[in-house]
Amino acid sequence: MEPKKNPKSDVSRNSSLYFAVGLALMLGITYMAINYKTYDKADVVADTLNLDDEFEEEAPITEQIVTPPPPPPPPPAAPEVIEVVEDEVEVEETVIESTETEMETEIVEVEEVEVEEVEEDLEVPFHVIENVAVFPGCENEKGNAAKKECMNEKVNKFIQRKFNTELAQDLGLAPGKKRIFCRFKVDKNGNVTAIQTRGPHPALEKEAQKVLAKLPKMKPGKQRGKAVVMPFSIPIVFQVQD
């Protein structure tokens with residue numbers, strides 16, 4: 001007679017599930033065993049820090065040094081004995097008479113006050129002046145325009161004769177055309193004044209001033225029949241050779 005088996009007690013029915021659970025359990029135990037660490041008791045330091053006690057800092061005891069006050073200044077010296085002397089010299093008092101006059105006083109003479117008129121030096125530009133300053137040798141020119149042209153020509157020729165062009169060679173300037181701007185004034189007496197120059201070298205400016213100072217005295221320019229100051233500008237142009 002064969003024993004009857006309960007179909008619910010068949011172990012092989014869930015064998016795959018049991019195998020998976022067992023495998024997972026073994027892997028977990030193996031992982032924990034591999035990662036398990038042990039420490040030597042001698043290397044463990046179990047120090048504790050007690051923070052309950054408050055840290056109290058004792059302030060150092062300081063002593064304030066009191067400096068004694070400076071001694072009082074010495075008392076002032078006793079003044080010398082002043083002798084009182086009777087004034088025997090009589091002083092004459094100066095009486096200042098009033099210069100004010102009363103309303104009823106008649107003024108006999110009144111001094112006349114002369115007011116001197118101060119004539120200002122009127123300056124009229126060269127291109128608008130009615131009568132240009134006349135350079136020596138231009139007296140016979142007719143018309144203001146002809147006299148202006150004559151003055152330009154005479155001044156240029158004067159500068160060409162007197163100006164030392166070799167000075168530029170000695171100064172070591174670069175070759176080429178050089179220009180010195182010059183300006184001066186012919187005053188009411190016909191004299192050349194207020195000379196100003198501007199050029200490529202101070203020595204050339206000084207030479208130009210020296211030449212312009214030698215210009216002859218001219219007949220002064222006039223505006224409305226009165227002598228006036230006339231400004232005049234002219235460039236000095238020369239060539240520096242290689």
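Position labels on residues start from 1 in each chain and follow its written sequence. Totals for whole chains, interfaces and linings use every residue, but because this is a predicted model, local features are given only for residues with pLDDT of at least 70 and side-chain atom pairs only at 80 or more, for both listing and counting. Calculated side-chain values reflect all of the structure's heavy atoms, with hydrogen atoms and water omitted.

S.K.: Just checking my understanding: could you explain a nonpolar patch on the surface for this structure?
M.R.: Candidate patch residues must exceed 30% relative accessible area and have no salt bridge, after which like charges are joined if within 9 Å and Val, Leu, Ile, Met, Phe, Trp or Tyr side chains if within 5 Å. Residue exposure ignores everything except the shown protein chains as possible cover, and the areas themselves are Shrake-Rupley values with a 1.4 Å probe. Salt bridges are identified by distance alone: a Lys or Arg side-chain nitrogen within 4 Å of an Asp or Glu carboxyl oxygen. Taken together, the side chains of Leu17, Tyr18 and Val21 present a nonpolar region at the surface, about 320 Å² in accessible area. Relative to the helices and strands, Leu17 is located in helix H1 (residues 15-35). Strands here mean DSSP runs of E at least two residues long; helices mean DSSP runs of H or I at least four residues long; both are numbered from the N terminus.

S.K.: Please explain the pairing of strand E2 (residues 192-198) as it appears in this structure.
M.R.: Moving residue by residue along a regular strand, the side chains alternate between the two faces of the sheet. Strands were regarded as paired on the criterion that DSSP finds at least two bridges between them. As paired strands, strand E1 (residues 176-186) and E2 are joined by 5 bridges and run antiparallel to one another. Following the sheet pairing, Phe181 is matched in E2 by Arg198. Counting the residues in the hairpin turn of E1 and E2 gives 5 residues, including Gly190, whose phi is positive at 90°.

S.K.: How should the packing of aromatic side chains be read in this particular structure?
M.R.: How two aromatic rings sit relative to each other is set out by the distance from centre to centre and by the angle between their planes. Any Phe, Tyr or Trp ring, taking Trp's six-membered ring, that has another such ring centre within 6.5 Å forms a pair; planes under 30 degrees apart are called stacked, those over 60 apart edge-to-face, and the others tilted. All chains considered together, the criterion is met by 2 aromatic pairs. When the centroid spacing of 5.1 Å and the interplanar angle of 85° are considered together, the rings of Phe126 and Phe232 count as edge-to-face. Here the residue Phe126 occupies a position in the loop between H1 and helix H2 (144-162), and Phe232 occupies one in strand E5 (residues 230-240), the gap between them amounting to 106 residues. One exposure class covers both Phe126 and Phe232, and it is buried. Consider the rings of Phe184 and Phe232, whose centres lie 5.3 Å apart with planes at 45°: the pair is tilted. Only protein chains enter the accessibility calculation, which uses a 1.4 Å probe; a residue is then buried when its area is under 20% of its type maximum, exposed when over 50%, and partly exposed in between.

S.K.: Just checking my understanding: could you explain the packing of H2 against helix H4 (residues 202-212) for this structure?
M.R.: Any two packed helices are characterised by how steeply their axes cross, that is the angle between the axes, and by the distance between the axes. Where H2 meets H4, the axes come as close as 10 Å, and the angle between the chain directions of the two elements is 120°. Between H2 and H4, the angle falls in the class oblique. At the point where H2 passes H4, the crossing takes the right-handed sense. Contacts from Phe158, Ile159 and Lys162 of H2 reach H4 at Glu207, Val211 and Leu212. For the contact of H2 with H4, the class distribution of residues is 4 nonpolar, no polar and 2 charged. Only the stretch in contact is used when a helix axis is fitted, and all axes are lines through C-alpha atoms; the angle between N-to-C directions ranges over 0 to 180 degrees. For classification purposes, angles smaller than 35 degrees are called roughly parallel, those larger than 145 roughly antiparallel, those between 65 and 115 roughly perpendicular, and all remaining angles oblique. Crossings are assigned a handedness: left-handed for a near helix turned anticlockwise from the far helix by less than a right angle, right-handed for a clockwise turn. Should any heavy atoms of two residues lie within 4.5 Å, those residues are considered in contact. Polar here means any residue outside two lists: the nonpolar Ala, Val, Leu, Ile, Met, Phe, Trp, Tyr, Cys and Pro, and the charged Asp, Glu, Lys and Arg; Gly therefore counts as polar.

S.K.: Explain the sheet that holds E5 to me, please; I cannot follow it from the model alone.
M.R.: The strands making up a sheet are joined through hydrogen bonds of the backbone, oriented either antiparallel or parallel. Read from one edge to the other, the open sheet built from 3 strands follows the order E2-E1-E5, with strand pairing classed as antiparallel. A single partner strand is all that each edge strand has here, and the edge strands are E2 and E5. Geometrically, the sheet is characterised by an average inter-axis angle of 20° between neighbouring strands, direction not taken into account. As judged from the 11 bridges shared by E1 and E5, these two strands associate in the antiparallel manner. What sits directly across from Gly176, in E5, is Val240. Against the sheet, H2 touches E1 and E5, its axis set at about 45° to E5. Packed onto the sheet, H4 meets E1, E2 and E5 and runs at close to 160° relative to E2.

S.K.: How do you make sense of the state of the cysteines when you look at a structure like this?
M.R.: In a disulfide, the sulfur atoms of two cysteines are held together by a covalent bond. Cysteine sulfur atoms that pair up within 2.5 Å are treated as a disulfide. Within this structure, the stated rule accounts for 1 disulfide. The residue that forms a disulfide with Cys138 is Cys150, at a sulfur-sulfur distance of 1.9 Å. On the sign convention where negative means left-handed, the S-S torsion of about -80° between Cys138 and Cys150 marks this disulfide as left-handed. On the criterion of sequence distance, the pair formed by Cys138 in the loop between H1 and H2 and Cys150 in helix H2 is long-range, its members being 12 residues apart. Note on accessibility: Cys138 and Cys150 belong to one class, buried.

S.K.: Looking at this model, I keep getting lost on H1. Mind explaining?
M.R.: In this scheme, a helix's expected span is set at 1.5 Å multiplied by one less than its residue total. Between its terminal C-alpha atoms H1 stretches 30 Å, which fits the 30 Å expected from 21 residues at 1.5 Å a residue. Summarising burial for H1: 0 of the 21 residues are buried, a small minority.

S.K.: How do you make sense of the pattern of salt bridges when you look at a structure like this?
M.R.: Should the charged atoms of two oppositely charged side chains come close, the side chains can pair. For the structure shown, the criterion picks out 3 salt bridges. A salt bridge links Glu123 to Arg183; the nearest nitrogen and oxygen atoms lie 4.0 Å apart. Pair noted here: Glu123 is in the loop between H1 and H2 and Arg183 is in strand E1, with a separation of 60 residues, a long-range link. By relative accessible area, Arg183 is classed as partly exposed at 30%. With a closest N to O distance of 3.2 Å, Lys157 and Glu153 form a salt bridge. Taken together, the positions of Lys157 and Glu153, both in helix H2 and 4 residues apart, correspond to about one turn of that helix. The class for Lys157 is partly exposed, based on a relative accessible area of 43%. Residue Glu153 is classed as partly exposed on the basis of its relative accessible area, which comes to 43%. Taken together, the salt bridges that share partners define one network made up of Glu123, Arg183 and Lys185.

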